Protein chains: 2
Amino acid sequence: MKLVIDMMGSDLGAKMAKEGVELFLKNHQDVEIYAVGKKEELTDLKGVNLVEAKDILPMDAGPLDVMRKKDSSMTKALFLTKELGADAVISAGGTGAFLSAATLILKKAPHVLRPALAASFPNFRKGGHVICLDIGASNENSPEEIAQFALMGAIYQRAVYSLSHVKVALLANGTEEGKGSPEGKKAFQLLKENPSSLYEFIGNVEGKDVLEGEADVIVTDGFSGNILLKSTEGAAKAMGHLLKKAFLSSFFSKIGYLFAKKGISSLKSQMDPGAIGGALLLGVNALAVKAHGASDARAFSNAITLAYLLAKEETTKKIIDGLNHE
Amino acid sequence: MKLVIDMMGSDLGAKMAKEGVELFLKNHQDVEIYAVGKKEELTDLKGVNLVEAKDILPMDAGPLDVMRKKDSSMTKALFLTKELGADAVISAGGTGAFLSAATLILKKAPHVLRPALAASFPNFRKGGHVICLDIGASNENSPEEIAQFALMGAIYQRAVYSLSHVKVALLANGTEEGKGSPEGKKAFQLLKENPSSLYEFIGNVEGKDVLEGEADVIVTDGFSGNILLKSTEGAAKAMGHLLKKAFLSSFFSKIGYLFAKKGISSLKSQMDPGAIGGALLLGVNALAVKAHGASDARAFSNAITLAYLLAKEETTKKIIDGLNHE
């Protein structure tokens, strides 16, 4: 297996990425790593192929910048992925730039109508995770594209979380059939009329059912998916701030915090996007994993692990085959 | 001022509604209340006009049920609102039924392209509130409709929270101009090219900026707005569950809870939808306030107060006048 890693793009830079790779390599040996970045900052990184790239793209770079700055770590990583036919490429650089450039350079996989960006949320009631896609690769999607996301998400669940019976739902503004956006309603019919051996379609879910509901995979158009992701992040963040304020509000609550500290930190780690790994572009010819820009070494290592698990299960191949049989 | 109240529709029934009305009347005298419901359950409610209605609509009733069951409290309340030319109607009954029937019976106000359902969120950074609309009256909206929501939301902010400089933003999947759904992008241009004296258009916001951002009013199509509302609710609820679990996880964390109790309950009340009042249908010929189905007396009283404040400021008239001048 071959994984290509952009070592330079994150907020914390090459040192963090190096620690992340080392953390990953402690537990995984059956993989060839290509680490792309400034060689002088990566000299003591062992067990990987170092590939020199002199430039770093800024976080707000656009897809055109990626194509222009041929010597940036992100651009080199993407072209190297293509040349090597590598399984996956990982970057903590700017989201827009990475995803658009990944689509341009790696190209859509056969039978895929539109690549989708997928994110994994914890399910706080059932345990396990729920995969949501598309969370923002596109800002609109056709019913056929939304229906295809179901298969991609199901394969993701099977590969990463070893789930055998995957329940897929459609994000809507009500649970009854007949609810949904115009495209969503058509996608509902497509999903209902074309059952798959890889998942069960269980109908509509609402935004409030994502973190505590029945669905293992939630499909939607990229615009709504982005609203879902960002609102959930925003609410979790606001609750975190409020919680801190509540605990610092008085002498007694500060004492309370000391006693509850362990529970609170377990709460934080469960809501922490870094614990999950990152968002993932499915449906191009290699997996493109976008680690959080603010990733620490653990989060970056988790993103590499996510790519590893998906590559090991030949996710891209399974998506192509699956769509070929539909 | 005339307010019409459906006393029967909530989960907790007439007793809760009665207490809610009494709570409201303690602080407000300049208003005529029409309380619609089973007279035998409302006999000791003083200072209101009792109007008999023998039936109660179930929570899952559809709009057609409202029209058919002429003797249900919700249907009677809506027709009475129309007959009296009342300022507002309040119900804690089924959302879909109430809102669709309100639109059918009370009719769209002049110059309004499409009524919008508005909800008020707390802003945890700036203080105050942010009004989001449409959060689900429609499941799609034209750019022109979305642009009209800006004016409705600004008038709501001015009436209820006495804000003089109202900042309006458009919900999108990124803050830059050019982000957004196809309709959103056209709405952006309309808002940019048609400045209003009642608000300032500040561009796009993301889902994560709702609770801690700059905007006082956020406009979007009803489908995305519903996703925003429900995801935020869902995340807050999940965090609440996690918090409880964290505190009950050990003997020491339980002690921590005792000390932090006051802070936690202030946290809860800030995230409590009941503290806000309810969702509100703007753009029909009377204000239609939907209290939460699970409202307690305080939440129901808050919903009546919301209707009162909006009616006192002649919100409906201001919307009609405002749209007439645009």
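Going by the structure above, here's the rest.
Source: prediction; values computed, not measured.

**Here we look at the side chain of asparagine 123 of chain A**
Residues and elements named next belong to chain A.
Phase 1: Within the secondary structure, asparagine 123 is located in the loop between strand E5 (116–122) and strand E6 (129–133).
Phase 2: Given the relative accessible area of 5%, asparagine 123 is considered buried.
Phase 3: Polar side-chain contacts of asparagine 123 include one of 2.9 Å to the backbone nitrogen of arginine 125.
Phase 4: A distance of 2.9 Å separates a polar atom in the side chain of asparagine 123 from the backbone oxygen of glycine 213.
Phase 5: Among residues more than four places away in sequence, those in contact with asparagine 123 are Gly128, His129, Val210, Leu211, Glu212, Gly213 and Ala215.

**Some words on helix H11 (residues 297–312) of chain B**
All names here are of chain B.
Phase 1: Given a rise of 1.5 Å per residue, 16 residues ought to cover 22 Å, and the 22 Å separating the end C-alpha atoms of H11 matches this to within 8%.
Phase 2: Counted residue by residue, H11 has 12 buried out of 16 residues, so it is predominantly covered.
Phase 3: Of the positions making up H11, those classed as buried are Ala297, Ala299, Phe300, Ser301, Ala303, Ile304, Thr305, Leu306, Ala307, Tyr308, Leu310 and Ala311.
Phase 4: At the C-terminal side of H11, glutamate 314 shows a positive phi close to 50°.

**Digging into the packing of aromatic side chains**
Given two aromatic rings, their pairing is described by the distance between the two centres and the angle made by the two planes.
All names here are of chain A.
Phase 1: Applying the stated criterion to the full structure yields 4 aromatic pairs over all chains.
Phase 2: Relative to tyrosine 308, the ring of phenylalanine 24 has its centre 5.7 Å away and its plane inclined at 70°; by these criteria the two rings are edge-to-face. Taken together, the positions of phenylalanine 24 in helix H1 (residues 13–27) and tyrosine 308 in helix H11 (residues 297–312) put the pair 284 residues apart, joining distant regions of the chain. Here phenylalanine 24 and tyrosine 308 have matching classes, each one buried.
Phase 3: With a centroid separation of 5.2 Å and 80° between ring planes, the pair formed by phenylalanine 188 and phenylalanine 201 is classed as edge-to-face.

**Observations regarding the nonpolar core**
Phase 1: Leu78 of chain A together with Leu78 of chain B are the most contacted members of the largest nonpolar core, which has 92 residues in total.
Phase 2: Contacts of leucine 78 of chain A, omitting those with residues within four sequence positions, involve Val66, Val89, Phe98, Ala101, Ala102, Ile105 and Leu106 of chain A.
Phase 3: Met8, Ile90, Phe149 and Met152 of chain B belong to the second-largest nonpolar core, a separate cluster that totals 62 residues.

**What to know about the sheet that holds E6 of chain A**
All names here are of chain A.
Phase 1: Read across the sheet, 11 strands follow the order E3-E2-E1-E4-E11-E10-E5-E6-E9-E7-E8 without closing on themselves; strand pairing throughout is mixed. Strands at the two margins of the open sheet, each flanked by one partner only, are strand E3 (49–52) and strand E8 (200–205). Across the sheet, the mean angle from the axis of one strand to that of its neighbour is 25°, orientation sign disregarded.
Phase 2: Pairing of E5 with strand E10 (residues 278–282) involves 3 bridges; the strand directions are antiparallel. In the strand pairing of E10, leucine 117 is matched with leucine 281.

**Here's the deal with the interface of chain A and chain B**
Phase 1: Contacts between chain A and chain B engage 49 residues on the former and 49 residues on the latter.
Phase 2: Summing both partners gives a buried area of about 4200 Å² for chain A against chain B, and 70% of it is carried by carbon and sulfur.
Phase 3: Contact with chain B buries surface across chain A, with Phe223, Met239 and Phe259 of chain A losing the most and accounting together for 16% of the total.
Phase 4: Between lysine 230 of chain B and glutamate 206 of chain A there is a salt bridge, with the nearest N and O atoms lying 2.1 Å from each other.
Phase 5: With 21 residues, helix H8 (residues 222–248) of chain A is the largest single contributor of residues to the side of chain A that touches chain B.
Phase 6: In terms of residue class, the side of chain A that touches chain B is made up of 23 nonpolar, 17 polar and 9 charged.

**Observations regarding a nonpolar patch on the surface**
Phase 1: Taken together, the side chains of Phe251, Phe252 and Phe259 of chain A together with Phe251, Phe252 and Phe259 of chain B make up a nonpolar region of the molecular surface, amounting to roughly 670 Å² of accessible area.
Phase 2: Of all the elements in the fold, those that place two or more residues in the nonpolar patch are helix H9 (251–271) of chain A together with helix H9 (251–271) of chain B.
Phase 3: Structurally, phenylalanine 251 of chain B can be placed in helix H9.

Calculation criteria
The residue numbering used here restarts from 1 in each chain and proceeds along that chain's sequence as written. Both sets of labels track the order of writing: A upward for chains, 1 upward for ligands. Side-chain atom pairs in this predicted model are given and counted only at pLDDT of 80 or more, local residue features only at pLDDT of at least 70, and totals for whole chains, interfaces and linings cover all residues. The side-chain figures draw on all heavy atoms in the structure; neither hydrogens nor water molecules are used. Each helix is a run of H or I in the DSSP string that is no shorter than four residues. Each strand is a run of E no shorter than two, and both are numbered from the N terminus. Whether a residue is buried, partly exposed or exposed follows from its accessible area with a 1.4 Å probe, protein chains only, as a fraction of its type maximum: under 20%, in between, or over 50%, in that order. A 3.5 Å cut-off defines polar contacts: any pair of N or O atoms within that distance qualifies, except that in protein one atom must be a possible hydrogen donor and the other a possible acceptor, and neighbouring residues in sequence count only when both atoms are side-chain atoms. In what follows, a contact means two residues having at least one pair of non-hydrogen atoms within 4.5 Å. How far a helix is expected to stretch is found by multiplying one less than its residue total by 1.5 Å. Planes of paired rings set the category: under 30 degrees apart is stacked, over 60 is edge-to-face and the rest tilted, where pairs are Phe, Tyr or Trp rings (Trp by its six-membered ring) whose centres lie within 6.5 Å. To qualify as a nonpolar core, a set must consist of buried Ala, Val, Leu, Ile, Met, Phe, Trp, Tyr and Cys residues joined through side-chain atoms within 4.5 Å. Two strands qualify as a pair provided DSSP detects at least 2 bridges between them. Only the contacting stretch of a helix is used when fitting its axis, a line to C-alpha atoms as for every element, and angles between N-to-C directions run 0 to 180 degrees. Two parts placed together each lose some accessible area under a 1.4 Å probe, and the buried area is that loss summed for both. Salt bridge criterion: a side-chain nitrogen from Lys or Arg within 4 Å of a carboxyl oxygen from Asp or Glu. Three classes are used: nonpolar for Ala, Val, Leu, Ile, Met, Phe, Trp, Tyr, Cys and Pro, charged for Asp, Glu, Lys and Arg, and polar for all others, with Gly counted as polar. Two distance rules govern patches: like charges are joined within 9 Å, and nonpolar side chains (Val, Leu, Ile, Met, Phe, Trp, Tyr) within 5 Å, applied only to residues with over 30% relative accessible area and no salt bridge. Calculation of accessible area relied on Shrake-Rupley with a 1.4 Å probe; when residues are assessed, cover is drawn exclusively from the protein chains displayed.

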